[in-house]
Amino acid sequence: MSIKSKILAPTIVIILAVAVAIMVTNIVLFSNFVDASTINSVNEATNVVINNLDLLKTDAQAVSLIVAGNPAIIGAVESGNRAELLANARTLQDRSGIDFCTISDSAGTVIARTHDPENFGDSISSHATVQAAMHGQSLSVIEEGTVVRLGIRAGAPILDEQGAVIGIVSVGFRLDTDTFVDSIKQMMGCEVTIVLGDERISTTVFDENGTRIVGTKSDANIVETVLSGNYYSGRVDI
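Residues numbered from 1 in each chain as written. Predicted model: local features only at pLDDT ≥ 70, side-chain atom pairs only at ≥ 80, totals over all residues. Heavy atoms only, no water.

Chemist: Explain the pattern of salt bridges to me, please; I cannot follow it from the model alone.
Modeler: Side chains that carry opposite charge are capable of pairing whenever their charged atoms lie near each other. This structure, assessed with the given rule, holds 8 salt bridges. Put simply, Arg113 and Asp122 hold a salt bridge, and the shortest N to O gap is 2.7 Å. With relative accessibility at 2%, the residue Arg113 sits in the buried group. The partner of Arg149 in a salt bridge is Glu199, with the nearest N and O atoms 3.3 Å apart. Residue Arg149 is found in the loop between β3 (139-144) and β4 (150-159), and its partner Glu199 is found in strand β7 (residues 199-203); the two are separated by 50 residues along the sequence. Since its relative accessible area comes to 38%, Arg149 is described here as partly exposed. Salt bridges here are not isolated pairs; linked through shared partners, they connect Asp178, Asp182 and Arg212. (Salt bridge = Lys/Arg side-chain N within 4 Å of Asp/Glu carboxyl O. Buried < 20%, exposed > 50% of the residue type's maximum accessible area, 1.4 Å probe, protein only. Helix = DSSP H or I, 4+ residues; strand = E, 2+ residues; numbered from the N terminus.)

Take a look at the structure:
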């Protein structure tokens, strides 16, 4: 082997080694950058979700007070006219943009549901919003329901002229449909899933057949972490 070849061969090896080292370093740096950027995007989206939920809580509470104070609603409750009550509640629902409105008597027995008109006579007295309204107070929370599996719900008392509670209004926005998750995805460009217990009840994620993966179980580790009152951040296979 000539001197030129003896010098050239290790030089090429060194150059290749340096090139590989640079490439690996760049891949690691880029991967770290992507990971950090993704985490920041996810955290930003989480804050947007929380802020939007808070805004919907405020809106629901305002609407509940408006409906509860509406003279037509009060009159229909006092007269026991269910058809009139349902018609007026539907009109107010359409004007306010809420997803559902339930009106019950002072004991929490349902008189009318705009989202399920044929279903009435059952008790919703166990709902936190209804219990608050029984004591003359208004409350807005994220709560499981009888017909609506999960929603932002606000309750308010319907009062007669003497200030006695004669009925209860419960209104809100659904979280068990695609509307909320789709709106967040449109704003933030990320996938969003709402899980009740360990079951996905609304999601922007589709399976290979183009069907939303609702009714499926979420990662047990995530569920355990979040239901313990903590935030979860990390990779997950869906």
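Having seen it, we continue.
Chemist: Where do I start with the packing of aromatic side chains in this structure?
Modeler: The description of an aromatic ring pair rests on the distance of the ring centres and on the angle between the ring planes. By the definition in use, this model includes 0 aromatic pairs. The ring of Phe120 carries Arg82 above its face, with NZ or CZ at 3.8 Å from the centroid. (Phe/Tyr/Trp six-rings, centres within 6.5 Å; stacked < 30°, edge-to-face > 60°. Lys NZ or Arg CZ within 6 Å of the ring centre and 35° of its normal.)

Chemist: Before we go on, may I ask you to explain helix α2 (residues 71-79) in this structure?
Modeler: The periodicity of an α-helix, 3.6 residues per turn, causes residues three or four places apart in sequence to face the same way. Burial in α2 covers these residues: Ile73, Ile74, Ala76 and Val77. The buried residues of α2 occupy one face: seen down the axis, they fall within an arc of 165°. Those residues of α2 that are exposed and angled more than 90 degrees off the buried face are Pro71, Glu78 and Ser79. At the N-terminal boundary of α2, the capping side chain belongs to Asn70, with an oxygen 2.9 Å from the backbone nitrogen of Ala72. In the segment just after α2, Gly80 is the residue with positive phi, at about 75°. (Arc of directions from axis to C-beta. Polar contact = N/O pair within 3.5 Å; in protein donor to acceptor, adjacent residues only side chain to side chain.)

Chemist: Help me out: how do you make sense of the nonpolar core in this one?
Modeler: What tends to happen in soluble globular proteins is that the nonpolar side chains get buried as a cluster. With 36 residues, the main nonpolar core has Ile73, Ile103, Ile158 and Phe180 as its most contacted residues. Looking at this core, the elements that each hand over two or more residues are α1 (3-68), α2, α3 (82-96), β1 (100-105), β4, β5 (165-174), α5 (178-188) and β6 (193-196). Here the element with the most residues in this core is α1; it accounts for 8 residues. Excluding residues that lie within four positions of it along the chain, Ile103 makes contacts with Ile73, Val77, Leu85, Ala89, Val110, Ile111, Ala112, Ile158, Ile168 and Val169. Of all hydrophobic cores here, the second largest spans 5 residues; its members include Val110, Ile124, Val130 and Ile168. (Core = buried A, V, L, I, M, F, W, Y, C linked by side-chain atoms within 4.5 Å. Contact = heavy atoms within 4.5 Å.)

Chemist: Hey, could you run me through helix α6 (residues 220-227) in this one?
Modeler: For α6, every residue scored as buried is listed here: Ile222, Val223 and Thr225. End-on, the buried residues of α6 take up no more than an arc of 165°, which puts them together on one face. Those residues of α6 that are exposed and aimed more than 90 degrees away from the buried face are Ala220, Glu224 and Leu227. By the N-cap criterion, in which a side-chain oxygen at the helix start approaches the backbone nitrogen of a residue two or three places on, α6 is capped by Asp219, the distance to Asn221 being 2.9 Å.

Chemist: Is there a simple way to think about the pairing of β3 in this case?
Modeler: Every regular strand shows the same layout, with side chains that alternate between the two sheet faces. By the bridge criterion, 6 bridges tie β3 to β4 in an arrangement that is antiparallel. The residue bridging Ser140 from the neighbouring strand is Ala154, located in β4. (Pairing = 2+ DSSP bridges.)

Chemist: What's the story with the sheet that holds β1 in this structure? I'm lost.
Modeler: Strands belonging to one sheet form pairs held by backbone hydrogen bonds; the direction of such a pair is parallel or antiparallel. Taken in spatial order, the 5 strands of this open sheet run β2-β1-β5-β4-β3, and their pairing is antiparallel. Because the sheet does not close on itself, it has two edges, and the strands there are β2 (110-113) and β3. Here the average twist between neighbouring strands, direction ignored, is 25°. The pairing of β1 with β5 spans 6 bridges and is antiparallel. Its bridge partner being in β5, Ile103 is matched across the sheet by Val169. (Axes fitted to C-alpha atoms, helices over the stretch in contact; angles between N-to-C directions.)

Chemist: Would you take a moment to explain the environment of Leu65 for this structure?
Modeler: Of note, Leu65 is situated in helix α1. For Leu65, a relative accessible area of 49% corresponds to the partly exposed category. Along the chain, Leu65 and Ala156 lie 91 residues apart, while their C-alpha atoms are 5.8 Å from each other. In this structure Leu65 touches Ser138 and Ala156, once residues within four positions along its chain are discounted.

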